[in-house]
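Chain by chain, the residues run as shown.
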Amino acid sequence: MAPRAPEPSGHRDACFGWAEAEGQVLLVSNPRVMEGAWQDVWDLPGGAARGGESLAEALRREWREETGLEAVVGELLLVTDGSKRQAERGLLYTWRAYVFRVQSAGVPTPGAGIQAATWVPRAEVEARLAAPYHARVRAWLRGPEPLYGTLDWTEPAPTES
């Protein structure tokens, strides 16, 4: 699939799933620009909603694309409004991320653009979700976290490679 152009408004809505079974959580690893350079980053499965898609539809589609598994979307766990800035360019975009509880089972198969899809012991999840945009999920893992919050971060300029 060809890369999509950014939304004209500069805003992105994305949905992610928290699937936990037998003390393990389903995570995916994919390449992202973090700290100014490309690196593999562990994430909750999910991604951007397309025009006309409900959040649940988008999450089921992204889940299938990234893990090869089916998702039953449950309760809303977290909502985060944020912005991503780059040191030299300023605001890149604003975003709103929704994290839903998901029921899913089976052996995941990494989809296109996904380096790994695997069940990870819950005790390892906080350390693996190390990207700046995971701050609220990490806080939620440590204890009660409000349903809604905000998160902004500034990235250094990308390095030439």
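Please refer to the structure higher up on the page.
Remember, it's a predicted structure, so these values are computed and weren't measured experimentally. (Residues numbered from 1 in each chain as written. Predicted model: local features only at pLDDT ≥ 70, side-chain atom pairs only at ≥ 80, totals over all residues. Heavy atoms only, no water.)

S.K.: Would you mind going over the overall build of the chain with me for this structure?
M.R.: Within the chain one finds three helices and nine strands. Counting from the amino terminus, the chain carries its helices and strands in the arrangement β-β-β-β-β-α-β-β-β-α-α-β. Computed over C-alpha atoms, the radius of gyration of the chain comes to 15 Å, within 12% of the 15 Å expected from 2.2 N^0.38 for 161 residues, which places it in the range of a compact globule. Each principal axis of the C-alpha distribution contributes one length, and for the chain these read about 45 × 35 × 30 Å. Counting the 161 residues in the chain, one finds 42% classified as buried. Considering only contacts in the chain between residues 6 or more positions apart, those separated by 24 or more positions represent 65%. In the structure as shown, the chain presents an accessible area of about 8700 Å², 53% of it carried by carbon and sulfur atoms. (Helix = DSSP H or I, 4+ residues; strand = E, 2+ residues; numbered from the N terminus. Rg over C-alpha atoms; globule rule 2.2 N^0.38 Å. Buried < 20%, exposed > 50% of the residue type's maximum accessible area, 1.4 Å probe, protein only. Contact = heavy atoms within 4.5 Å. Areas by Shrake-Rupley, 256 points an atom, 1.4 Å probe, with all protein chains shown as cover.)

S.K.: Hey, could you run me through the sheet that holds strand 1 (residues 11-18) in this one?
M.R.: Backbone hydrogen bonds are what pair the strands of a sheet, in a parallel or an antiparallel way. Read from one edge to the other, the open sheet built from five strands follows the order 5-1-7-6-9, with strand pairing classed as mixed. Here the strands that pair on one side only, and so sit at the sheet edges, are strand 5 (46-48) and strand 9 (148-155). For this sheet, the mean angle separating the axes of adjacent strands, direction not counted, is 25°. Alignment of strand 1 against strand 7 (residues 90-103), held across eight bridges, turns out to be parallel. When the sheet's bridge partners are listed, Phe 16 is paired in strand 7 with Val 99. Packing against the sheet, helix 3 (residues 135-142) makes contact with strand 1, strand 6 (72-86), strand 7 and strand 9, and its axis sits at approximately 135° to strand 6. (Pairing = 2+ DSSP bridges. Axes fitted to C-alpha atoms, helices over the stretch in contact; angles between N-to-C directions.)

S.K.: Is there a simple way to think about helix 3 in this case?
M.R.: Because an α-helix packs 3.6 residues into every turn, residues spaced three or four apart end up facing the same way. Among the eight residues that make up helix 3, six are buried, leaving the element largely enclosed by the rest of the structure. Among all positions in helix 3, only Arg 136, Val 137, Arg 138, Ala 139, Trp 140 and Leu 141 are buried. Buried-residue contacts for helix 3 involve strand 1, strand 6, strand 7, helix 2 (122-128) and strand 9.

S.K.: Would you take a moment to explain the nonpolar core for this structure?
M.R.: Trp 18, Leu 27, Leu 44, Val 99 and Val 125 are the most contacted members of the largest nonpolar core, which has 20 residues in total. When residues in this core are grouped by element, the largest group, four residues, is from strand 7. Once residues within four sequence positions are removed from consideration, Val 99 is found in contact with Phe 16, Trp 18, Leu 44, Glu 75, Leu 76, Leu 77, Leu 78 and Val 137. Listed in part, the 14 residues of the second largest apolar core include Ala 58, Leu 59, Leu 69 and Phe 100. (Core = buried A, V, L, I, M, F, W, Y, C linked by side-chain atoms within 4.5 Å.)

S.K.: Is there a simple way to explain the packing of aromatic side chains in this structure?
M.R.: For any pair of aromatic rings, the description consists of the separation of the ring centres together with the inter-plane angle of the planes. The tally for this structure, following the rule as stated, stands at one aromatic pair. The cationic tip of Arg 128 hangs over the ring face of Trp 42; the distance from NZ or CZ to the ring centre is 4.7 Å. (Phe/Tyr/Trp six-rings, centres within 6.5 Å; stacked < 30°, edge-to-face > 60°. Lys NZ or Arg CZ within 6 Å of the ring centre and 35° of its normal.)

S.K.: Whenever I open this one, helix 1 (residues 55-67) confuses me. Can you help?
M.R.: Its 13 residues place the ends of helix 1 18 Å apart at the C-alpha level, agreeing with the 18 Å of an ideal helix rising 1.5 Å per residue. Inspection of helix 1 places Ala 58, Leu 59, Arg 61, Glu 62, Trp 63, Glu 66 and Thr 67 among the buried residues, and these make up the whole buried set. Next to the buried residues of helix 1 lie strand 1, strand 3 (24-34), strand 5, strand 6, strand 7 and strand 8 (116-121). Gly 68 lies just past helix 1 and shows a positive phi near 75°. (Expected span 1.5 Å × (residues − 1).)

S.K.: Please clarify how unusual backbone geometry should be interpreted in this entry.
M.R.: At Glu 22, a residue that is not glycine, the phi angle is positive and equals roughly 50°. Tracing the backbone shows Glu 22 in the loop between strand 2 (20-21) and strand 3.

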